[in-house]
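An overview of the molecular structure
The lines below spell out each chain.
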Amino acid sequence: MSQASEFLLEIGAYDGAGVRTLRVSSCGYVTAPTDTPANTVYPNHVTDPGHFARSLFEEGRTMGMARADHGSIELSNAEGRLDAWLNYGFDGRPVVVKRISGPRADYSTAETILRGTVEGLDGSAALTTLRLRLYDRRLELERALQANRYTGATTSGGLAGNLVNGTADMKDQPKPLVFGRALVVKPILVNPFDLIYQVNDSAVAAIAVYEGGVTLTNKGDYASVAALQAAVLRPGQYATCLALGYFRIGFTPFYGITADVTEGVSLAQRSAGAVVLRMLARLGLTGSDNINTASFAVLQAAAPQEVGIYITDERSALEAISAVLQSIGGYLVPNAVGAFEAGRMAAPGTPTWLVDESIILSDDLTLLCNPDTDRNLPAWRVVVRHTRIWDVQDAERVGQFLSDTRKAYLATEYREAKADNPAVLVRHPLAPELTVETLLVNAADATAAATRWLSLYGVRRDVIVIPVARENAGAMVLGSTGTVRFGRYGYDQGKPMVVIGRREDPANETVDLTVWG
C-alpha cells in the first residue's frame, strides 16, 4: 500500500466584492517564496477529500446516459474560522483538488487529481463540519441547446431587418437546429408574407424541398435574405439561402411543406463525434480545458456513420447529445481534470493490465450478469431503428399521385434493421429482443450496428466491482481492457474485461473498479 497522501484544495467563491480563490489543506501547508502562488497559506481544514467516481454510462451499465459522481468534501470548522463562507457564492465555481506527499513537499510536486465544479456549501453537523458539494460537469449540459428566439417582428410589407424574425405569435419561440442530415423535417414559416422558411439557425450544406411529398425544383442559392426575398419564383419552385439556413417557395402550398436538410459539408462532419463537438461548441465549450480532442478523434475514426437530428423545442443539450451518442453506442464523460471525453463501448480488446487475487483487496466482490438486457439475459435479436422521418405524414397530407412506396415511407417514423441468433434461445428460452432507437441515416450503417450490438449483448456478459489499491490502478483507465483472474465462476484462467467505472477514495488510497466483459 502506498504512503497516505495529503491534499490541497483551491476553491472559487464570490465574497460580495468579487470572485476569489480560497485555499485549504488536509495537513496545513505554505507555499515557498519561489512558488506560484508564493508564500500562500493552505490552512488545515480538510478532514475528508471525498470520493471521485466516473462511469462511462450509468453505474454498471454499458449504454444510456454517462455518469460522474464527485460526491462532497468535508471541512472542519469547530473553531468557526470558516463561518463567513456561508455568505459566499460557491455554486458554479471551480474547485481543484491536488494530491501531495506531505506538508514539506515542494508545491511543484502536487498532482492535480480533480478539476470540478461546486454545487454548494452546507453542513449537517454545522457547528463542527462544513460540506462542499461537487457536481458532475454534465449538469452544465442540462440547459437548452438553442438559446436564440424569434422576436416576432416580421410583418407584411417586408420591413428591412425583420424579414425572418417570425410573426407576433411566434415571439420567444426557439429557432430550429439541424445537426448532420435530417430527413423530412417540418420547416418553420418565419415569414408567411413572402413564404420564407427556416430549417437551421446557421448555415447548411443543402436543402431539398417537398410539397406533399413531391419534389420541388431548386432555382438557385442566394447569399442574403434580401436577395432571397427578391428572387423570381414560379409555382413548383424554391430558392435557398444556405449560408443562413432559409428557403423560399414561389406559391401558396396546398399540402404541407417539408425538407431534407444536410448540415455539415462532409460525411466526416456528420458523424456522431463531429456533431457532438458542434453541440458543445454551441454552448461555448471549446478548448483543452473543456474538450479532450484526442478522444473525439478516436471516436470519429471508430464511428464514422452519418447521423442527423432536428430540434425545434427547448430540449437540453444533454438530451440531444445523448440521443446522438446512443446511435453509435457512444459516451461522453468529464475526465478527472474536467475536460469532456468521448468514446464508444466496444467488446474487450487486447489486455494491457492484470487484476488477480494478489492485488484484490477484498473477497467481497460484486458480480452482476448482463445488466443492459431484460432479465439480465443475452439478447437473441437486436432491432435498430434508423432513418427517422421528422414530420410523419398520413395520406391526407401527401399528393395523391405519389407511389405507394413513397407514401408508406412518409407515413412511417422509423425503419428497422435486425440481427438475430436463434441459437441463444436454446440455452436461454426467455432471451429478450433488444431494441435501440438511433439517429443513423443509412440502412447499411444500421444493419452493421445491429450486428455489432448482437455481438456485444448476445452472449453472457458480467459486471464485476473490484477493490484495488490506488498504486495498482494507474493503468486501469476508463475504456481500457485488462485481464481479471480469480479462482471462481470460470475466471481461474482469466477473462478480458473493460473498465466501465472507477470510484476513487483518495483518503484510503483505494479504487473500486467496475469492469465488464
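Presented here is an overview of the structure given in this document. From a predicted model like this one, the values you see are computed outputs, not experimental measurements. (Residues numbered from 1 in each chain as written. Predicted model: local features only at pLDDT ≥ 70, side-chain atom pairs only at ≥ 80, totals over all residues. Heavy atoms only, no water.)

1. Notes on the packing of helix 2 (residues 272–282) against helix 4 (residues 317–326)
Between helix 2 and helix 4, whose axes approach to 9 Å, the crossing angle comes to 170 degrees. Relative to helix 4, the element helix 2 is oriented roughly antiparallel. Facing helix 2, whose interface residues are Ala-272, Val-275, Val-276, Met-279 and Leu-280, helix 4 presents Ala-320, Ile-321, Val-324 and Leu-325. Here the residues of the contact of helix 2 with helix 4 sort into 9 nonpolar, no polar and no charged. (Axes fitted to C-alpha atoms, helices over the stretch in contact; angles between N-to-C directions. Helix = DSSP H or I, 4+ residues; strand = E, 2+ residues; numbered from the N terminus. Parallel < 35°, antiparallel > 145°, perpendicular 65-115°, else oblique. Contact = heavy atoms within 4.5 Å. Nonpolar A, V, L, I, M, F, W, Y, C, P; charged D, E, K, R; others polar.)

2. Some remarks on unusual backbone geometry
For the bond from Thr-36 to Pro-37, the omega torsion is 5 degrees, close enough to zero to count as cis. With respect to the secondary-structure elements, Pro-37 resides in the loop between strand 3 (29–30) and strand 4 (41–42). You will see that Arg-375, though not glycine, has its phi angle at about 60 degrees, which is positive. Take Arg-375: it is sitting in the loop between strand 25 (366–369) and strand 26 (381–386). In this structure, Asn-376 takes a positive phi of about 60 degrees despite not being glycine. Here Asn-376 is to be found in the loop between strand 25 and strand 26. Under the relative-accessibility criterion, Asn-376 is labelled partly exposed at 41%. (Buried < 20%, exposed > 50% of the residue type's maximum accessible area, 1.4 Å probe, protein only.)

3. Considerations on the sheet that holds strand 8 (residues 72–76)
Spatial strand order, 2-1-9-10-11-8-5: 7 strands in an open sheet with antiparallel pairing. Since the sheet does not close on itself, it has two edges, and those belong to strand 2 (19–25) and strand 5 (46–48), each with one partner. Neighbour-to-neighbour, the strand axes of the sheet open up by a mean angle of 35 degrees, direction not taken into account. Bridging between strand 10 (residues 111–122) and strand 11 (residues 129–135) involves 5 bridges; their strand directions are antiparallel. Within strand 11, the position partnered with Leu-121 by the bridge is Leu-132. (Pairing = 2+ DSSP bridges.)

4. Observations regarding the side chain of Asp-505
In this structure, Asp-505 sits in strand 31 (residues 495–505). One buried charge, Asp-505, has no salt-bridge partner; the nearest side chain with opposite charge is Arg-503, at 5.0 Å. Apart from residues no more than four positions distant in its own chain, Asp-505 is found in contact with Gly-50 and Thr-510. (Lys, Arg positive; Asp, Glu negative; His and termini not counted. Salt bridge = Lys/Arg side-chain N within 4 Å of Asp/Glu carboxyl O.)

5. Regarding helix 3 (residues 293–302)
All buried positions along helix 3 are accounted for by Ser-295, Phe-296 and Leu-299. What you see down the axis of helix 3 is that its buried residues fit within an arc of 100 degrees, all on one side. Set apart from the buried face of helix 3 by more than 90 degrees, the exposed residues are Thr-293, Val-298 and Ala-301. Here the buried face of helix 3 lies against helix 2, helix 4, strand 22 (330–334) and strand 23 (340–344). (Arc of directions from axis to C-beta.)

6. Considerations on the pattern of salt bridges
Evaluated as defined, the whole model comprises 26 salt bridges. Linking Asp-15 and Arg-20 is a salt bridge whose minimum nitrogen-to-oxygen distance equals 3.7 Å. Take Asp-15: its relative accessible area is 29%, and that puts it in the partly exposed class. Judged by relative accessible area, which is 38%, Arg-20 ranks as partly exposed. Between Asp-462 and Arg-460 there is a salt bridge; the shortest N-O distance is 2.5 Å. Note on Asp-462: relative accessible area 1%, which makes it buried.

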